[in-house]
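Descriptive analysis of the structure
Residues per chain are reported as follows:
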Amino acid sequence: QLQLVESGGGLVQPGGSLRLSCAASGFTLDYYAMGWFRQAPGKEREGVSCLSSNDDSTYYADSVKGRFTISRDSTNTMVYLQINNLKPEDSAVYSCAAQRVDYCSGAELYDPDFWGQGTQVTVSS
């Protein structure tokens, strides 16, 4: 079974940092653009970042630019989201997603083929 599995969430203080991981199981991420989404209770799910499959170009939502960094490892089995200077409004369930396209067209994948189950990030004093 092909799966994406997130890890790395937890409780952190405002201003702290966190690195989320997304592991591909049963396949490599070659040919897939990768995205990170988040959803807070009572709010719409939003795309925060996208990483193109062909040239590793990156895109970010305005709300996270300068604080979040998306990357993949050399084996094409792991994707990361480095989050710095965390704010309370960053609290959400973060999910990774994969879409078999060469390039992102913006910060949000429009029709992912695979989703992870999500990992909880809570920012609180």
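Further up the page is the structure itself.
Residues numbered from 1 in each chain as written. Predicted model: local features only at pLDDT ≥ 70, side-chain atom pairs only at ≥ 80, totals over all residues. Heavy atoms only, no water.

Under the criterion given, the structure shown has two disulfides. At a sulfur-sulfur separation of 2.0 Å, the disulfide partner of Cys22 is Cys96. Its S-S torsion of about 65° marks the bond between Cys22 and Cys96 as right-handed, since a negative value means left-handed. Here the residue Cys22 occupies a position in strand β3 (residues 18-25), and Cys96 occupies one in strand β9 (residues 92-99), the gap between them amounting to 74 residues. (Disulfide = S-S within 2.5 Å. Helix = DSSP H or I, 4+ residues; strand = E, 2+ residues; numbered from the N terminus.)

The next subject is the pairing of strand β8 (residues 78-83). Across a regular strand the side chains alternate sides, sitting on one face of the sheet and then on the other. Of all six residues in β8, five are buried; the element is thus mostly enclosed. As judged from the six bridges shared by β3 and β8, these two strands associate in the antiparallel manner. Of the residues in β8, the one forming a bridge with Ala23 is Met78. Pairing of strand β7 (residues 68-72) with β8 involves five bridges; the strand directions are antiparallel. Across the sheet, Ile70 pairs through a bridge with Leu81, a residue of β8. Linking two consecutive strands that pair antiparallel, namely β7 and β8, is a turn of five residues; a positive phi of about 60° is found at Asn76 within it. (Buried < 20%, exposed > 50% of the residue type's maximum accessible area, 1.4 Å probe, protein only. Pairing = 2+ DSSP bridges.)

So, about the packing of aromatic side chains. Under the definition given, this model contains four aromatic pairs. Pairwise contacts between aromatic rings join Phe27, Tyr32 and Phe114 into one cluster. Over the ring of Tyr80 we find Arg19; its NZ or CZ atom is 4.3 Å from the centre of that ring. Between the NZ or CZ atom of Arg45 and the centre of the ring of Phe37, over which it lies, the distance is 5.9 Å. (Phe/Tyr/Trp six-rings, centres within 6.5 Å; stacked < 30°, edge-to-face > 60°. Lys NZ or Arg CZ within 6 Å of the ring centre and 35° of its normal.)

The next subject is the nonpolar core. Judged by nonpolar contacts, the single largest core of 30 residues is most densely connected at Leu4, Leu20, Met34, Trp36, Phe68, Leu81 and Tyr94. Breaking this core down by element, the ones donating at least two residues are β3, β4 (33-39), β5 (46-51), β7, β8, β9 and β11 (119-123). Residues contacting Phe68, with those up to four places away along its chain left out, are Arg38, Val48, Tyr60, Leu81, Gln82, Ile83, Asp90 and Tyr94. Formed by six residues, the second largest nonpolar core is a distinct cluster that contains Ala33, Phe37, Ala97 and Cys104. (Core = buried A, V, L, I, M, F, W, Y, C linked by side-chain atoms within 4.5 Å. Contact = heavy atoms within 4.5 Å.)

Strands sit in the order β1-β3-β8-β7 across an open sheet of four strands; the sheet is antiparallel. A strand with exactly one partner marks an edge of an open sheet, and here the two such strands are β1 (3-7) and β7. Going across the sheet, the axis of each strand differs from the next one's by a mean of 15°, ignoring polarity. Alignment of β1 against β3, held across five bridges, turns out to be antiparallel. Bridge assignment links Leu4 to a residue of β3, and that residue is Ala24. (Axes fitted to C-alpha atoms, helices over the stretch in contact; angles between N-to-C directions.)

Across all of its chains, the model carries five salt bridges by this definition. For Asp62, the salt bridge goes to Lys65, with nearest N and O atoms at 3.3 Å. The structure contains a network of salt bridges with shared partners spanning Arg38, Glu46, Arg67 and Asp90. (Salt bridge = Lys/Arg side-chain N within 4 Å of Asp/Glu carboxyl O.)

Backbone geometry places Tyr31, a non-glycine residue, at a positive phi of 75°. The residue Tyr31 is located in the loop between β3 and β4 in this model. Looking at Tyr31, the relative accessible area reads 54%, which means it is exposed. Of note, the phi angle at Asn85 is positive, near 50°, even though the residue is not glycine. You can see Asn85 is positioned in the loop between β8 and β9. Asn85 gets classed as partly exposed once you look at its relative accessible area, which sits at 41%.

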